[in-house]
Amino acid sequence: MKIGVLALQGAFREHRQMLEQCGADVIEVRKPEDVEQIDGLIIPGGESTTIGKLLVEWGLAERVKARAQQGMPIFGTCAGLIVVAKEIIGYAAQPRLGLIDIGAQRNAYGRQVDSFEHEFTIPELGDMPFKAVFIRAPYIDSYEPSVQVLAEHEGKAIFARQKNILVASFHPELTGDDRIHRYFLKMVQDSAKKDGCKR
Amino acid sequence: MEQGTFRVKAGLAEMLKGGVIMDVTTPEQAKIAEEAGACAVMALERVPSDIRAAGGVARMADPTIIKRIMDVATIPVMAKARIGHFVEAQILEALGADYIDESEVLTPADDAYHIDKHAFKVPFVCGAKNLGEALRRIGEGAAMIRTKGEPGTGNVVEAVRHMRTVMSEIRRLQNLPKEELMTAAKDMAAPYDLVCEVARTGKLPVVNFAAGGIATPADAALMMQLGCDGIFVGSGIFKSKDPAARAKAIVAATTYYNDPKVLAEISKDLGEAMPGIEISTLQANARMQERGW
């Protein structure tokens, strides 16, 4: 089982370290051919405009979309959430993958001086609160009923899942708490098992 | 809910990694930069090469210029304050700038002290020529470091020197026994706890970008291969013949810095780079890198 971390721009190194701590086999994804080698993909935080443009220009977007449609799990954090969203509110032309039925609001909490840390209880992760870091973060403004909301902040969804796509407004790679990465690895394992049955 | 924590400040720099931060002076340039894939812009009244040419005292930009750029850019907007000028920094924070560069490109306002950066909610980036200087700035609260290089010259040699110096000093610390670290801290005039941290981890406690003289995609890739986390381009883009094409090529070079075939492809047909300046022709007092303490 191989996990890819999209390494076009942003905090890909932190995700890599986190996954390796969890015992995963990790590669950095920069070229279309890298996408064929992986069983799951993390799209990290960074600038969503930069990552989206590079994804399209360097021919990765089509490959990632195709794999996602076949069921490959993808986890987008912060900018990654925006990149996988179906709609980016106010930026109709911004390049994206459109893999999850949510409307993402960019810079939803304001500018950098409004960035914050906050502790949440996330039922899927157990009773211990999760410290989440929000940096010029987006939130999920709207979503289809089939999207499962895993956490909210001030009435807006910040952590959600729809089938094989997982998204978080915040940065689980910056806090040392690996529960969300383990949750994603479990998604990848389950999907690999399902594939095995089909064969 | 906690705001302005060091984790949040240093965290934004983590998100900028592998990206290019471009100097812009107008909203139109900011749009070109964003369109090319910049991960942030630096809002300025004049780019460094024009500051160098104009001489006199260079100060924080007019807030109107910064505000106009903030209005059009969806990516983070940085702005420069003079070294030690904490009121310029207060003004930039009040404007809502996303990062403040306490910069040697502007004329220093204090000839002995830098800004107490812990006192602000907005994060700061500072220049450094060597590890001691980087750790002093981090000790004062900087959440991001960049090489000083020699701004406005289009000559990468000083940025290379500063990056190599920092990396080799880190490698040296890693090999010192514990009892030698206090003297090492004394010799490089750096906080002891940060010296110990670097000796243990083998890296700076915050993100380290390259700046000061980067003019081509190859320059950007060179700095990335030398170990920096991302790139600032000052005059290099909007003083070149075809800013949009060059900006896009430098963004790609910062992602594909380890792939010479890609670099060869993206370096083609970019038109003329900015005119360069040989460092040895600069008078000692014209070297911006000597500013800062």
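Every value quoted in this text rests on a predicted model; they were computed, and no experiment measured them.

Each value, and the rule that gives it
- Residues numbered from 1 in each chain as written.
- Chains lettered and ligands numbered in written order.
- Predicted model: local features only at pLDDT ≥ 70, side-chain atom pairs only at ≥ 80, totals over all residues.
- Heavy atoms only, no water.
- Helix = DSSP H or I, 4+ residues; strand = E, 2+ residues; numbered from the N terminus.
- Buried < 20%, exposed > 50% of the residue type's maximum accessible area, 1.4 Å probe, protein only.
- Contact = heavy atoms within 4.5 Å.
- Rg over C-alpha atoms; globule rule 2.2 N^0.38 Å.
- Areas by Shrake-Rupley, 256 points an atom, 1.4 Å probe, with all protein chains shown as cover.
- pLDDT = per-residue confidence, 0-100.
- Buried area = accessible area lost by both parts, 1.4 Å probe.
- Salt bridge = Lys/Arg side-chain N within 4 Å of Asp/Glu carboxyl O.
- Pairing = 2+ DSSP bridges.
- Axes fitted to C-alpha atoms, helices over the stretch in contact; angles between N-to-C directions.
- Core = buried A, V, L, I, M, F, W, Y, C linked by side-chain atoms within 4.5 Å.

### Some thoughts on the overall build of chain A
Inference 1: Check the secondary structure of chain A and you find six helices and 12 strands.
Inference 2: For chain A, the spread of C-alpha atoms along the three principal axes comes to 45 × 40 × 35 Å.
Inference 3: Taken over 199 residues, chain A has a buried fraction of 60%.
Inference 4: Long-range pairs, those at least 24 residues apart, make up 64% of the contacts in chain A with a sequence separation of at least 6.

### Notes on the overall build of chain B
Inference 1: Looking only at helices and strands, chain B has 13 helices and nine strands in total.
Inference 2: Its C-alpha atoms give chain B a radius of gyration of 18 Å, within 12% of the compact-globule value 19 Å for 293 residues.
Inference 3: By principal-axis analysis of the C-alpha atoms, chain B measures approximately 55 × 45 × 45 Å.
Inference 4: Buried residues in chain B amount to 61% of all 293 residues.
Inference 5: Accessible surface for chain B amounts to roughly 11100 Å². Of this, 51% is attributable to carbon and sulfur atoms.

### Re the confidence of the model for chain B
Inference 1: On average, residues of chain B score 97 in pLDDT, and 100% of them reach the 70 mark or higher.
Inference 2: The complex model carries a pTM of 0.97, and its ipTM stands at 0.95.

### Observations regarding the interface of chain B and chain A
Inference 1: Taken together, the contacts link 42 residues of chain B with 40 residues of chain A.
Inference 2: For the pairing of chain B and chain A, the buried interface totals around 3300 Å² over both sides, and the portion due to carbon and sulfur atoms is 54%.
Inference 3: Among the residues chain B hides against chain A, the three largest losses belong to Arg7(B), Met15(B) and Tyr256(B). Together they make up 22% of the total.
Inference 4: Between the two partners, chain B and chain A, sit nine salt bridges.
Inference 5: Linking Lys131(A) and Glu2(B) is a salt bridge whose minimum nitrogen-to-oxygen distance equals 2.9 Å.

### Section: the sheet that holds strand β9 (residues 231-233) of chain B
Residue and element names in this part refer to chain B.
Inference 1: Reading across the sheet, the eight strands line up as β8-β7-β6-β5-β4-β3-β2-β9 and stay open at both edges, with parallel pairing between neighbours. Whereas interior strands pair on both sides, the edge strands pair on one side only; in this sheet they are β8 (207-209) and β9. Neighbour to neighbour, the strand axes of the sheet diverge by 30 degrees on average, direction disregarded.
Inference 2: Taken together, the four bridges between strand β2 (residues 20-24) and strand β3 (residues 40-43) define a ladder with parallel strand orientation. Paired with Asp23 across the bridge in β3 is Met42.

### Here we look at the nonpolar core
Inference 1: Ranked by internal contacts, the top residues of the largest apolar core, which has 93 residues, are Ile74(A), Met223(B) and Ile231(B).
Inference 2: If sequence neighbours within four positions are ignored, Ile74(A) has contacts with Leu41(A), Ile43(A), Val64(A), Ala68(A), Val84(A), Leu99(A), Asn164(A), Ile165(A), Leu166(A) and Phe184(A).
Inference 3: Judged by nonpolar contacts, the second largest core, of 33 residues, contains Leu19(A), Phe134(A), Ala151(A) and Leu185(A).

### Some details on the pairing of strand β6 (residues 124-128) of chain B
Residue and element names in this part refer to chain B.
Inference 1: Burial analysis of β6 places five of its five residues in the buried class, which makes it a mostly covered element.
Inference 2: Along β6, one buried face is formed by Phe124, Cys126 and Ala128 and the opposite face, lined by Val125 and Gly127, is buried too.
Inference 3: One ladder, built from three bridges, connects strand β5 (residues 99-103) with β6; its direction is parallel. Across the sheet, Glu102 pairs through a bridge with Cys126, a residue of β6.

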